[in-house]
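Listed below, chain by chain, are the residues.
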Amino acid sequence: MVIRTVVTVLLVILALLVYLIFIPIAFGAKGDFDAKSFKAYVHDPLRFIDLRYDTSLEEKFSLRIFYFIKPFGKKKEEKTGQKKKKKKRQKKKEKKPADKKKKLKDFIKTRLKPILKSIIGLLKKCRIHIDDCDIDFSTGEPDTTALFYGGLSSLPFMYSKSTNLTCDLMSDDAYINGHLSFCGSLHIFWVLYYLIRIFFNP
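Residues numbered from 1 in each chain as written. Predicted model: local features only at pLDDT ≥ 70, side-chain atom pairs only at ≥ 80, totals over all residues. Heavy atoms only, no water.

J.: So what exactly am I meant to see when it comes to unusual backbone geometry here?
T.: Residues apart from glycine generally show negative phi values, whereas peptide bonds are mostly found in trans. Notably, Lys36 is not glycine yet its phi reads approximately 55°, a positive angle. You can call Lys36 exposed: its relative accessible area is 73%. Positive phi outside glycine occurs at Arg47, with the angle close to 55°. According to the relative accessible area criterion, Arg47 is partly exposed, its value standing at 30%. (Buried < 20%, exposed > 50% of the residue type's maximum accessible area, 1.4 Å probe, protein only.)

Following this line, the structure appears as structure tokens:
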């Protein structure tokens, strides 16, 4: 009886893993970067696992596993004091030495390009439908901004009539403005595949 129970449990776990890996996972997001409001969701077709994020709620994250909802995350009241801490951290970041900027540039030149290629490859595997997109952005570095813009412009779903993507190559500050709304689906298999590529490719 014990062996049968163990085998049954293992088979159920294996079936669930196969289901999650090879069944397309639905996802979507809607955000306004100017108003700093954002909503997003990820769930499987039967909603065994349902993860949601909403900046308008006290509990920003909520996770539902087998139809049991568990909100998690810090409340807005607890985050009021953290905003001050973030401002202090930002001031400290502004005072970083030039050596760290050089390290960041070296990272962009050596590691960012292959990582971005893998991300673009993963996005091409996604079945994404853009409902509305009007975004203007800059990374603060002309090379990186052009790299991101070129990568995003190569995606088929970016040629939708409702999509407007612009970048500022002259800005020294990193920013993102506008709004975005999209939905789609993706097999977890491809996520694992590209993560392995990023991890093992030097």
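J.: Which parts of the structure should I look at to understand a nonpolar patch on the surface?
T.: Taken together, the side chains of Ile3, Val7, Leu11, Leu14, Val18, Phe22, Phe189 and Tyr193 define a hydrophobic patch exposed on the protein surface, amounting to about 770 Å² of accessible area. For the nonpolar patch, the element with the highest residue contribution is helix α1 (residues 2-22), accounting for six residues. Within the element layout of this structure, Tyr193 appears in helix α5 (residues 188-200). (Patch = residues over 30% accessible without salt bridge, like charges linked within 9 Å, V, L, I, M, F, W, Y side chains within 5 Å. Areas by Shrake-Rupley, 256 points an atom, 1.4 Å probe, with all protein chains shown as cover. Salt bridge = Lys/Arg side-chain N within 4 Å of Asp/Glu carboxyl O. Helix = DSSP H or I, 4+ residues; strand = E, 2+ residues; numbered from the N terminus.)

J.: In this structure, what is going on with the pairing of strand β4 (residues 61-65)? I would like to understand it.
T.: On any regular strand, side chains alternate: one points to one face of the sheet, the next to the other face. In this sheet, β4 lies alongside strand β3 (residues 49-54) in antiparallel orientation, the contact comprising five bridges. Residue Asp50 lies in a different strand from β4, and its bridge partner there is Arg64. Linkage of β3 to β4, two consecutive antiparallel strands, is achieved through a turn of six residues. (Pairing = 2+ DSSP bridges.)

By themselves these figures say nothing about function.
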